[in-house]
Amino acid sequence: MADYVLAIDQGTTSSRAIVFDHSGRIVSTGQLEHDQIFPKAGWVEHNAEQIWSNVREVVGLALTRGNLAHTDLAAIGITNQRETAVVWDKNTGKPVYNAIVWQDTRTQAIVDELGGSEGADKYKSIVGLPLATYFSGPKVKWILDNVEGAREAAEKGDLLFGNTDTWVLWNMTGGPDGGVHVTDVTNASRTMLMDLDTLSWREDIAADMGIPLSMLPEIRSSSEVYGQGRPRGLVPGVPIAGILGDQQAATFGQACFEVGTAKNTYGTGNFMLLNTGTEKVPSKNGLLTTVCYKIGDAPQVYALEGSIAVTGSLIQWLRDNLGMFQDAPDVEWLARKVEDNGGAYFVPAFSGLFAPYWRPDARGALVGLTRYVNRNHIARAALEAVAYQTREVVDAMKLDSGVQLTELKVDGGMVANELLMQFQADQLGVDVVRPKVAETTALGAAYAAGIAVGFWKGEEDVTANWAEDKRWSPAVAEDERERLYRSWKKAVTKTFDWVDADVQ
Ligand SMILES: Nc1ncnc2c1ncn2[C@@H]1O[C@H](COP(=O)(O)OP(=O)(O)OP(=O)(O)O)[C@@H](O)[C@H]1O
Ligand SMILES: [Mg+2]
């Protein structure tokens, strides 16, 4: 009996495979990290072949650990790090270059040139996004401009592009032997190439970027059968029936189906999405307009998104680049040794600043230092930075949508950090709520796939399965809360105008 649904979560730092049962509980998991490749300051790459091989391995691990066979699976959903661009040869299946990761800033010159005299908002009314290095389209242009022979091969129709959802789907469904070249509306909305109203590629924007339309995957809903697994994907015959970008998947898994509901995911970066329903809300305050999900033939639902590039990766940076501790959770132990930040503020503008500033010229800064400050204060400042950045996004959402949050649903690896969760509630002045299943990204993709094949009835099953685990309420005096935030805002201004012609 096919009693389970498998989700593949192809993330920025790792790939996971998670098997869920009908009640939305985790049955078994497999997880493998892949290499983070930093060839130059500001460049971030992944080896797409390593990612595909890890995906196969984690699927094998999850099935083995659950004592399951592929015949136990009703459907498979895929969720993924969005915007990370893979370009490959459809005849050989080989990528022509490493995947260029969403955090990579190498395309700044391309982005400036595309904007020309109209600037960063040139395509915003069509695609919902400002021109920025973050999105896939300019990364594809960089590959075609810089990899020898790539442009000719693309023009001959030999090259395919995809975010990693498309790369995994194509490989799972046969690769060079009949692989399905498809993406979903949420991933397509992160390329800068899709019209948010018609959900189709914009020929004029693709032409501006010199990207042949033949490279682009077909755009489909987030919940429908795209194809069947083939033997090389370890799941022969199982329908692959759901795709959602990781942040949209978490929104779905958190059951944010009502207009005005929101979730915040604390992973490599932080991403808050607010469901705005079937109405597309343009942002005047540094947020993105994006597709939240589209279930089969039902109308698409939109979201406002606040994207913060560096949160969990700041903790990794303290661990790996400074050697401050062995494991990410140790940061809490250090931070608890002190009462406060000792006056230190850490603005992690490692990829410039994303929402709500969109300042590519910013670089990271640790300010407010005196001889009093020690490593424990720095650990605390790093955690506080996550909460302040989130507050800035919440403020922008209030301005754009008029919606006043009454509580915030949270998920992602960092929500295990109780000091951070309490500080977040203190900074926002509303409750912070963690669900029982913190793997909401994978869960959302599983639901999208299961709904497509009738394993779940629809959104009502997702809502019924959602359960609260823990809640943090604000417990700080108003003047203290505002004093800290005012200092944070001042610290942010110290990171501006750093990058210039001589400094990258
Ligand atoms: N207890 C903790 N305290 C602070 N940070 C933590 C803690 N546990 C994990 N992290 C951070 O959380 C991040 C991992 O979270 P998660 O697994 O949700 O990431 P992710 O964004 O889903 O990864 P990917 O981008 O691969 O999908 C890491 O950056 C890690 O540094
Ligand atoms: Mg993730």
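Residue indices follow the written sequence of each chain, beginning from 1 at its first position. Following the order in which they are written, the chains are lettered starting with A and the ligands numbered starting with 1. For this predicted model, a pLDDT threshold of at least 70 governs which residues receive local features, and a threshold of 80 or more governs which side-chain atom pairs are given and counted, while totals over whole chains, interfaces and linings are taken from all residues. With hydrogens and water excluded, all non-hydrogen atoms of the structure serve as input to the side-chain values.

## Some details on the UniProt feature "binding site: glycerol" (unreviewed entry) in the chain
UniProt positions are given in the numbering used here, feature names are shortened, and annotations may be inferred rather than shown by experiment. The UniProt feature table records "binding site: glycerol" (unreviewed entry) at Arg-82, Glu-83, Tyr-134, Asp-246 and Gln-247. Under the scheme applied here, a residue whose accessible area is under 20% of the maximum for its type counts as buried, over 50% as exposed, and between as partly exposed, the area being computed with a 1.4 Å probe on protein chains only. Judged by relative accessible area, Arg-82 falls into the buried class, the value being 2%. Here a residue-residue contact requires only that any non-hydrogen atoms of the pair lie within 4.5 Å. Excluding residues within four positions of it along the chain, Arg-82 makes contact with Trp-102, Tyr-134, Asn-163, Asn-187, Arg-190, Gly-245, Asp-246, Gln-247, Gln-248, Phe-271 and Glu-305. To qualify as a helix, a DSSP run of H or I must reach at least 4 residues; to qualify as a strand, a run of E must reach at least 2; elements of each kind are numbered from the N terminus. Residue position: Glu-83 is located in the loop between β5 (73-80) and β6 (86-89). Relative accessible area serves as the criterion here: at 1%, Glu-83 is assigned to the buried category. In contact with Glu-83, other than residues within four places in its own chain, are Ile-100, Trp-102, Tyr-134, Phe-135, Ser-136, Lys-139, Asn-163 and Arg-190.

## Some points on the sheet that holds strand β13 (residues 262-266)
For two strands to be treated as a pair, DSSP must find at least two bridges joining them. The strand order across the open sheet formed by seven strands is β15-β16-β14-β13-β19-β20-β21, and the pairing between neighbours is mixed. Of all strands in the sheet, those bounded by a partner on one side alone are β15 (288-293) and β21 (468-472). Averaged over neighbouring strand pairs, the angle between their axes works out to 30° when direction is ignored. Pairing between β15 and strand β16 (residues 301-308): five bridges, direction antiparallel. Of the residues in β16, the one forming a bridge with Leu-288 is Glu-305. For helices, the fitted line uses only the C-alpha atoms of the stretch in contact; every axis is such a line through C-alpha atoms, and the angle between N-to-C directions lies from 0 to 180 degrees.

## Quick word on the packing of aromatic side chains
Side-chain rings of Phe, Tyr and Trp (the six-membered ring for Trp) are treated as a pair once their centres are within 6.5 Å; stacked means planes under 30 degrees apart, edge-to-face means over 60, and tilted covers the remaining angles. In the structure shown here, the tally under the stated rule is 23 aromatic pairs. With a centroid separation of 4.8 Å and 85° between ring planes, the pair formed by Phe-455 and Trp-456 is classed as edge-to-face. The exposure class assigned to Phe-455 is buried, which follows from its relative accessible area of 15%. Three or more aromatic residues joined by ring pairs form one cluster here, namely Trp-102, Tyr-134, Phe-135, Phe-271, Phe-354 and Trp-358. Counted as over-ring charges are cases with an Arg CZ or a Lys NZ within 6 Å of the ring centre that also lie within 35 degrees of the ring normal. In this structure, Arg-106 packs its charged tip against the face of Trp-43, placed 3.7 Å from the ring centre. For Arg-391, the ring lying beneath its charged end belongs to Tyr-485, and the centroid distance is 3.7 Å.

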